[in-house]
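Okay, here's what each chain looks like letter by letter:
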Amino acid sequence: MKFLIASMVATAYLVIAGPALAVDMPAVGKAKCGACHAVDKKLVGPSYIDVSAKYKGDKDAAGKIIANVTKGGMFGWKLGNQSMPPRGLAASDADIKTMAEFIIGLSK
Ligand code: HEC
């Protein structure tokens, strides 16, 4: 009985915490990019999973993502007329690097 309860608790924990942990976005991503990007769905901009798929297998993925986020612009997503603003909502170089690594990690 004790075992049964323990495994039920463990299962409930996995069900609740599992998906949230799998897509745990860095805090900077929520603060400076979250208005327009989510991990797994399109908002104003593409989902990070879609961006990750675009750069999968590209050896210079980090360099390209960092450059595009820093300078902003249009990258062919065709989601509307909105372009990516330079540095999102005032992200620093370190923030952008953190986000580039997070995005690349999604397709590994
Ligand atoms: C005001 C809304 C907005 C904010 C804030 C924003 N983005 Fe974007 N982002 C967009 C849009 C819109 C696009 C797609 C542009 C297009 O159509 O090509 C985009 C595209 C991108 C892309 C794809 C670039 C590529 O090479 O294809 C990345 C990566 C990205 N954003 C990361 C970020 C990060 C990281 C932040 C936070 C530092 C951020 N964005 C903040 C709107 C935003």
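This write-up is about the structure you can find in this document.

What counts and how
Residues numbered from 1 in each chain as written. Predicted model: local features only at pLDDT ≥ 70, side-chain atom pairs only at ≥ 80, totals over all residues. Heavy atoms only, no water. Helix = DSSP H or I, 4+ residues; strand = E, 2+ residues; numbered from the N terminus. Buried < 20%, exposed > 50% of the residue type's maximum accessible area, 1.4 Å probe, protein only. Areas by Shrake-Rupley, 256 points an atom, 1.4 Å probe, with all protein chains shown as cover. Donors = N, O, S within 2.8 Å, 3.2 Å for Na, K, Ca; no water. Tetrahedral: all angles 85-135°; square planar, octahedral: opposite > 155°, others 65-115°. Phe/Tyr/Trp six-rings, centres within 6.5 Å; stacked < 30°, edge-to-face > 60°. Near = heavy atom within 4 Å. Nonpolar A, V, L, I, M, F, W, Y, C, P; charged D, E, K, R; others polar. Axes fitted to C-alpha atoms, helices over the stretch in contact; angles between N-to-C directions. Parallel < 35°, antiparallel > 145°, perpendicular 65-115°, else oblique. Left-handed = near helix turned anticlockwise from the far one by under 90°. Contact = heavy atoms within 4.5 Å.

### Re the overall build of the protein chain
Within the protein chain one finds five helices and zero strands. Considering the protein chain as a whole, with its 108 residues, one finds that 28% of them fall into the buried category. For the protein chain, the accessible area works out to roughly 7,100 Å², and carbon and sulfur atoms hold 66% of it.

### Quick word on the coordination of the iron atom of the ligand
Within the protein, the atoms that donate to the iron atom of the ligand are His37 (NE2) and Met84 (SD), at distances of 1.9 to 2.0 Å. Considering all six donor atoms around the iron atom of the ligand, the spread of angles at the metal, 89 to 179 degrees, places the coordination shape in the octahedral class. Within this pair, whereas His37 is found in the loop between helix 2 (27–32) and helix 3 (48–54), its partner Met84 is found in the loop between helix 4 (61–71) and helix 5 (93–105), the two being separated by 47 residues in sequence. Of the two residues, His37 and Met84, neither departs from the other in class, the shared state being buried.

### Let's talk about the packing of aromatic side chains
For the structure shown, the criterion picks out one aromatic pair. Summarising the aromatic geometry, the rings of Tyr48 and Phe102 are spaced 6.1 Å apart at their centres and angled 85 degrees between planes, so their arrangement reads as edge-to-face. Taken together, the positions of Tyr48 in helix 3 and Phe102 in helix 5 put the pair 54 residues apart, joining distant regions of the chain. You can call Tyr48 buried: its relative accessible area is 3%. Given a relative accessible area of 15%, Phe102 falls into the buried group.

### Section: unusual backbone geometry
Phi angles above zero are rare outside glycine, and Lys78 is one such case at about 50 degrees. When you line up the elements, Lys78 lands in the loop between helix 4 and helix 5.

### Side note on the site of the ligand
Taken together, 29 residues sit near the ligand, with Cys33, Cys36, His37, Tyr55 and Met84 positioned nearest. Going through the elements one at a time, helix 3, helix 4 and helix 5 are the ones with two or more residues in the shell around the ligand. The class makeup of the residues in the shell around the ligand is 18 nonpolar, eight polar and three charged.

### Brief notes about the packing of helix 4 against helix 5
It is the contact of helix 4 with helix 5, at a shortest axis distance of 9 Å, that shows an interaxial angle of 130 degrees. Classified by the angle between their axes, helix 4 and helix 5 sit oblique to one another. When you trace helix 4 past helix 5, the crossing you get is right-handed. Where helix 4 approaches helix 5, its residues Ala61, Ala62, Ile65, Ile66, Val69 and Thr70 are matched on the opposing element by Ile96, Lys97, Ala100, Ile103 and Ile104. Taken together, the residues of the contact of helix 4 with helix 5 sort by class into nine nonpolar, one polar and one charged.

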